[in-house]
Amino acid sequence: MELAYIPSPSRGVLYLGPIPLRGYAFCIIIGVFVAVWLGNKRWIARGGRAGTVADIAVWAVPFGLVGGRLYHVITDYELYFSPGRDWVDAFKVWQGGLGIWGAIALGALGAWIGARRRGIPMPAYADAVAPGIAFAQAIGRWGNWFNQELYGRETHVPWALHITSSEGGRVPGYYHPTFLYESLWCIGVAFLVIWADRRFKLGHGRAFALYVAAYCVGRGWIEYMRVDDAHHILGLRLNDWTAMIVFLLAVAYIVVSSKLRPGREAVVEPGVPDGPADGAEGTDEAEGKAEAEDQAEHEAQGRAEPDAVEAEPDAVEADASAAEGEKDQAESATKKS
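Source: prediction; values computed, not measured.

Novice: I tried to follow the overall build of the chain on my own but got confused; where do I start?
Specialist: Looking only at helices and strands, one finds 10 helices and seven strands in the chain. Among the 337 residues that make up the chain, the fraction classed as buried is 38%. Residue pairs at least 24 apart in sequence account for 72% of intrachain contacts in the chain once pairs closer than 6 positions are excluded.

Shown next as structure tokens:
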């Protein structure tokens, strides 16, 4: 008998009357809210307007959901289009099955459309929302726990996941909780991006690329532990190859972007002032120049006043000498006459 393990929920859906409340959907919704909330805070800190992240997310989130589902259905098509399967199940997103690679790719397309409509540089927006996306993934992975899916190899470690369902070919038992491993990894990735962004002032999409690269590292070893059916290429699961390729592309982008466009964007949203600090600096500078000119003029006047005071006695003496000269000339003229 196992003394410790992670229990699986007895069911992944609750009913509020006729309305189903699915744990998988709740995890995705909560993750989206967290991503938008954190992305908004980071966007404002970079000089953008409040609400811009949410406005663009209106485009990004639906595109991301469609992209995630498309990737899953395409890479696991036999689950929906093989003999005995119902192709309508491909539309049942609430049953699980969202590929992060497709979600990010098509979600980025939706974000690009929303950003372009507002004249916002896409790389700056991506940098702002990168940690939030990682947190959203960490929360969303718990949806797999509700559905009792995407677990790893059988194990008897104290934190083993107890699978109780036998639907869909599952075998009840104790397995590695790969959903938990990925959730914790994504939290670490989020904090890594936040730290690196503050430390190195990442810009022009490099914070987002760091998130992608770091996630791929974790996804590689976690994917290797999973036992669910997947396509293999040269002995490796398809998602392992995807993780390696995307990792190399992300690292290459960081290196090339750092050389071509170092630093961070000065302006991330058109029409937003540079900030009160910039305006205050300009005002202080103008006032400082005016004060310096007044002080210079005052000092010049101060230097001139003693000279004028010293010149006054000389002028009085000169006037007195002229008066005495006129008096002597008058007396001399009188004597001659």
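Read on for the rest.
Novice: Whenever I open this one, empty space enclosed by the protein confuses me. Can you help?
Specialist: To find leftover empty space, a probe the size of one water molecule is rolled over the atoms. Tallied over the entire structure, the rule returns one cavity of 30 Å³ or more. What the largest cavity holds in volume is close to 30 Å³. Considering the residues around the largest cavity, the lining is formed by Arg141, Leu150, Thr178, Phe179, Glu182, Ile222 and Arg226. Counting residues per element, the lining of the largest cavity draws most heavily on helix α7 (residues 178-200), which supplies three residues. Here the residues of the lining of the largest cavity are counted per class, giving three nonpolar, one polar and three charged.

Novice: Help me understand the side chain of Asp240, please; the structure alone is not making it clear to me.
Specialist: Of note, Asp240 is situated in helix α9 (residues 238-260). Buried and without a salt bridge, Asp240 has Arg237 as its closest oppositely charged side chain, separated by 5.2 Å. In this structure, Asp240 is in contact with Arg219, Gly220, Glu223 and Tyr224, ignoring residues within four places of it in sequence.

Novice: Can you help me understand unusual backbone geometry in this one?
Specialist: A negative phi angle is the norm for most residues apart from glycine, just as the trans form is the norm for most peptide bonds. Phi at Gln148 takes a positive value of approximately 50°, unusual for a residue other than glycine. Examined against the element boundaries, Gln148 turns out to sit in the loop between α6 (142-147) and β4 (161-163). The buried category is assigned to Gln148, whose relative accessible area is 5%. Notably, Leu234 is not glycine yet its phi reads approximately 55°, a positive angle. Of note, Leu234 is situated in the loop between β6 (232-233) and β7 (236-237). According to the relative accessible area criterion, Leu234 is exposed, its value standing at 76%.

Novice: Can you help me understand helix α1 (residues 23-45) in this one?
Specialist: Owing to its 3.6 residues per turn, the α-helix brings residues three or four apart onto one side. Spanning 23 residues, α1 covers 33 Å between terminal C-alpha atoms, matching the ideal 33 Å at 1.5 Å per step. Of the positions making up α1, those classed as buried are Gly23, Tyr24, Cys27, Gly31, Ala35, Leu38, Gly39, Arg42 and Trp43. For α1, the secondary structure elements touched by its buried residues are β3 (19-22), α2 (52-75), α5 (122-140), α6 and α7. Gly47 lies just past α1 and shows a positive phi near 105°.

Novice: For this particular structure, what's the right way to read the sheet that holds strand β1 (residues 6-7)?
Specialist: Within a sheet, each strand pairs with its neighbour through backbone hydrogen bonds, oriented either parallel or antiparallel. One open sheet accounts for three strands, arranged β1-β4-β5; its pairing is mixed. Pairing within the sheet leaves two strands with one partner each, and these edge strands are β1 and β5 (173-175). In this structure, β1 lies alongside β4, joined through two bridges in parallel fashion. From the neighbouring strand, Ile6 faces β4, where its bridge partner is Leu161.

Novice: What is the right way to read the layout of surface pockets from this model?
Specialist: Of the voids in this model, the second largest pocket is the one considered here, and its volume is about 220 Å³. Lining the second largest pocket, in full, are Leu38, Lys41, Arg42, Ala45, Arg46, Ile194, Asp197, Arg198, Lys201 and Arg264. Counting residues per element, the ones that place at least two in the lining of the second largest pocket are α1 and α7. Ranked by residues supplied to the lining of the second largest pocket, first place goes to α1 with four residues.

Novice: Even after reading the chapter, I still don't get α9, so can you show me in this structure?
Specialist: Its 23 residues give α9 an end-to-end C-alpha distance of 33 Å, which sits within 8% of 33 Å, the value for a rise of 1.5 Å per residue. Among all positions of α9, only Asn239, Asp240, Thr242, Ala243, Ala250 and Ser257 are buried. Those residues of α9 that are buried are in contact with α2, α4 (100-118), α8 (206-225) and β7.

Novice: Which parts of the structure should I look at to understand the packing of α2 against α4?
Specialist: Relative orientation and spacing of two packed helices are given, respectively, by the angle between their axes and the distance between those axes. The interhelical angle for the contact between α2 and α4, taken along N-to-C directions, is 150°, at an axis separation of 6 Å. Classified by the angle between their axes, α2 and α4 sit roughly antiparallel to one another. Helix-helix and strand crossings are classified by hand; for α2 and α4 the assignment is right-handed. The class makeup of the residues in the contact of α2 with α4 is 14 nonpolar, eight polar and three charged.

Novice: Quick question: what am I supposed to make of the environment of Asp89 here?
Specialist: One can find Asp89 in the loop between α3 (78-81) and α4. Other than its neighbours up to four places away in sequence, Asp89 contacts Arg69 and Tyr80.

So, how was this worked out
Residues numbered from 1 in each chain as written. Predicted model: local features only at pLDDT ≥ 70, side-chain atom pairs only at ≥ 80, totals over all residues. Heavy atoms only, no water. Helix = DSSP H or I, 4+ residues; strand = E, 2+ residues; numbered from the N terminus. Buried < 20%, exposed > 50% of the residue type's maximum accessible area, 1.4 Å probe, protein only. Contact = heavy atoms within 4.5 Å. 1 Å grid on protein atoms, 1.4 Å probe; cavity = no way out; pocket = protein on both sides within 12 Å on 5 of 7 lines; lining within 4 Å. Points joined across faces, edges and corners; volume = space filled by probe spheres on them. Nonpolar A, V, L, I, M, F, W, Y, C, P; charged D, E, K, R; others polar. Lys, Arg positive; Asp, Glu negative; His and termini not counted. Salt bridge = Lys/Arg side-chain N within 4 Å of Asp/Glu carboxyl O. Expected span 1.5 Å × (residues − 1). Pairing = 2+ DSSP bridges. Axes fitted to C-alpha atoms, helices over the stretch in contact; angles between N-to-C directions. Parallel < 35°, antiparallel > 145°, perpendicular 65-115°, else oblique. Left-handed = near helix turned anticlockwise from the far one by under 90°.

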